[in-house]
Amino acid sequence: MAGKKVLIVYAHQEPRSFNGSLKKVAVEELSKQGCAITVSDLYAMDFEPRATRKDVIDRDLHLPVVIKTEEVMCGAQHLIGALSNPKFFNYGVEAYEAFKKRSLASDITDEQKKVQEADLVIFQFPLYWFSVPAILKGWMDRVLCQGFAFDIPGFYDSGFLKNKLALLSLTTGGTAEMYGKTGVSGDFRYFLWPLQHGALHFCGFKVLAPQISFAPEIASEEERKAMVASWAQRLKTIWEEEPIDCTPAWYFGH
Ligand code: FAD
């Protein structure tokens, strides 16, 4: 739909991968609709996944209050700012305080700006250990911080990103049969619970049904092409979709 803004947070190392193809067709299809698309290509950006005290910076670039010699020697890109409690480091508290003081590292605030502007955030990734790859988990850990994405109170249906849609588009190694109700890996909805409910819904996102491309590595060329085509086809009417009912019943009660 013309004028809509879409952020694709993409986590795959290889542009010619199946995930790369899914990302590419999403960009093509949504561009055709007149959407404005931003892609955060996390590996290409060398996105820092670790949540550390380096995320609190000295915004005014004054002499840092907390600084380690080796960080200066290594040519750290910013000066580490004052912590609210230098005696006991608590990442969640420090990130919250830094968000309020606008002293979060710029790679975090750049991503927050992209999220803030987006109507829809698509996460494109291969399933790693029933979850997202570490680089994408790190994006969630650092970008969706308290104050920006939620507060206490101010979560789930009151989360700060409540006017936005989110969609997980993922690929698996296991087949659809393995992820069936009686399959050896258990219902695919089980591994969606922490991501869709624990993270996205917690931050207020309205969650659209996931796009799961099962086992592209063992699928035939025709099956792979059909999976890419069905994703492109779904995106044609994506703005008409209703979010899922993101409650325990959707995951465990059917
Ligand atoms: P690729 O290997 O890139 O692609 C498959 C094939 O598709 C390739 O031959 C490629 O050339 C071809 N292709 C690309 N584009 C197109 C196109 N447009 N049309 C037709 N063909 C195309 N799996 C699980 O199920 N559960 C887990 O818990 C899990 N944990 C993992 C943990 C780790 C650390 C790793 C490394 C893997 C894990 N996996 C798991 C497997 C992983 O999810 C799959 O390997 C991944 O999803 C496959 O997607 P891909 O994009 O990397 O495939």
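Parameters and conventions
- Residue positions are given per chain, counting from 1 as you read along its sequence in written order.
- Selection of residues for local features in this predicted model requires a pLDDT of at least 70, selection of side-chain atom pairs for listing and counting requires 80 or more, and totals for whole chains, interfaces and linings are taken over all residues.
- The side-chain numbers reported here are obtained from all heavy atoms of the structure, hydrogens and water having been left aside.
- Going along the chain from the N terminus, every DSSP run of H or I of four or more residues is numbered as a helix, and every run of E of two or more is numbered as a strand.
- In this description the radius of gyration comes from C-alpha coordinates, and the expected globular size is given by 2.2 Å times residues to the power 0.38.
- Relative accessible area decides the class of each residue, using a 1.4 Å probe on protein chains only: under 20% of the type maximum gives buried, over 50% gives exposed, and in between gives partly exposed.
- Contacts: residue pairs with any heavy atoms within 4.5 Å of one another.
- All accessible-area figures derive from a Shrake-Rupley calculation using a 1.4 Å probe, and residue coverage is judged against the displayed protein chains alone.
- For the purpose of charge, His is not counted, nor are the chain termini; Lys and Arg are scored as positive and Asp and Glu as negative.
- Where a charge lies is defined by one atom per residue type, namely NZ (Lys), CZ (Arg), CG (Asp) and CD (Glu).
- One heavy atom within 4 Å of a molecule or strand is enough for the residue carrying it to be called near that molecule or strand.
- Polar contacts, as used here, are pairs of N or O atoms within 3.5 Å; protein pairs need one atom able to donate a hydrogen and one able to accept it. Residues neighboring in sequence count only if both atoms are side-chain atoms.
- Put simply, Ala, Val, Leu, Ile, Met, Phe, Trp, Tyr, Cys and Pro go in the nonpolar bin, Asp, Glu, Lys and Arg in the charged bin, and everything else, Gly too, in the polar bin.
- Multiplying 1.5 Å by the helix residue count minus one yields the expected span of that helix.
- Stacked, edge-to-face and tilted labels apply to pairs of Phe, Tyr and Trp rings (six-membered ring for Trp) whose centres lie within 6.5 Å, assigned for plane angles under 30 degrees, over 60, and everything in between, in that order.
- Side-chain atoms within 4.5 Å are what join buried Ala, Val, Leu, Ile, Met, Phe, Trp, Tyr and Cys residues into a set we call a nonpolar core.

Trainee: Account for the overall build of the protein chain, naming residues and giving values.
Mentor: Scanning the protein chain for helices and strands turns up nine helices and six strands. The C-alpha atoms of the protein chain give 19 Å as radius of gyration, which agrees with the globular expectation for 254 residues (18 Å, within 12%). Summarising its shape, the C-alpha atoms of the protein chain cover approximately 60 × 40 × 40 Å along the three principal directions. Within the protein chain, the proportion of its 254 residues that are buried is 47%. A separation threshold of at least 6 residues defines the contact pool for the protein chain, and within that pool the share at least 24 residues apart is 77%. Just so you have it, the protein chain exposes about 13,100 Å², and 57% of that area is on carbon and sulfur atoms. Distance from the positive charge centre (28 side chains) to the negative charge centre (31 side chains) of the protein chain: 3 Å.

Trainee: Requested: an account of the site of the ligand, with residues and values cited.
Mentor: If you check the shell around the ligand, you find 21 residues, and the closest are His12, Ser21, Leu127, Thr171 and Tyr179. With respect to the ligand, the backbone of Gly173 contributes an N or O atom lying 3.0 Å from a nitrogen atom. At 2.9 Å, a side-chain N or O of Glu217 approaches an oxygen atom of the ligand. Listing elements by their share of the shell around the ligand, those giving two or more residues are helix H1 (18-32) and helix H8 (221-236). Residue composition of the shell around the ligand, grouped by class: nine nonpolar, eight polar and four charged.

Trainee: I'd like a rundown of helix H5 (residues 106-117), residues and numbers included.
Mentor: The end-to-end C-alpha separation of H5 is 16 Å, in line with the 16 Å expected for twelve residues at 1.5 Å each. Each element contacted by the buried residues of H5 is listed here: strand S1 (5-10), strand S2 (36-41), helix H2 (42-45), helix H4 (91-100) and helix H6 (134-143).

Trainee: Any chance you could break down helix H7 (residues 188-201) for me, citing the residues and the numbers?
Mentor: Residues of H7 that are buried: Phe191, Leu192, Leu195, Gln196, His197, Ala199, Leu200 and His201. Where H7 is buried, its residues meet strand S3 (120-126), H6, strand S4 (165-171), strand S5 (206-207), strand S6 (211-213) and helix H9 (248-252). Where H7 begins, the side chain of Asp187 points an oxygen toward the backbone nitrogen of Arg189, at a separation of 2.9 Å.

Trainee: Break down the packing of aromatic side chains for me, with residues and values.
Mentor: Applying the stated rule across the entire model yields 17 aromatic pairs. Here the aromatic rings of Phe123 and Trp139 are separated by 5.6 Å at their centres, their planes lie at 75°, and the arrangement is edge-to-face. With Phe123 in strand S3 and Trp139 in helix H6, the pair connects residues that are 16 residues apart, well separated along the chain. With a relative accessible area of 0%, Phe123 lands in the buried category.

Trainee: So what's going on with unusual backbone geometry? Which residues, and what values?
Mentor: In this structure, the amide linkage connecting Ile152 to the following residue, Pro153, adopts the cis form with an omega of 0°. Residue position: Pro153 is located in the loop between H6 and S4. Despite not being glycine, Asp46 shows a phi value in the positive range, around 55°. Of note, Asp46 is situated in the loop between H2 and helix H3 (69-73). Residues other than glycine seldom take positive phi values, yet Arg102 does so here, at roughly 55°. Its location among the elements puts Arg102 in the loop between H4 and H5. The class of Arg102 is exposed, set by a relative accessible area of 60%.

Trainee: Help me get a handle on the nonpolar core, residues and values and all.
Mentor: By size, the foremost hydrophobic cluster in this structure holds 47 residues, and its most contacted members are Phe123, Phe125, Leu136 and Trp139. Secondary structure elements with two or more residues in this core: S1, H4, H5, S3, H6, S4, H7 and H9. If sequence neighbours within four positions are ignored, Phe123 has contacts with Val9, Leu136, Trp139, Met140, Ala166, Leu167, Leu168, Ser169 and Leu200. Grouped together as the second largest cluster of nonpolar side chains are 22 residues, Tyr10, Leu22, Val25 and Leu120 included.

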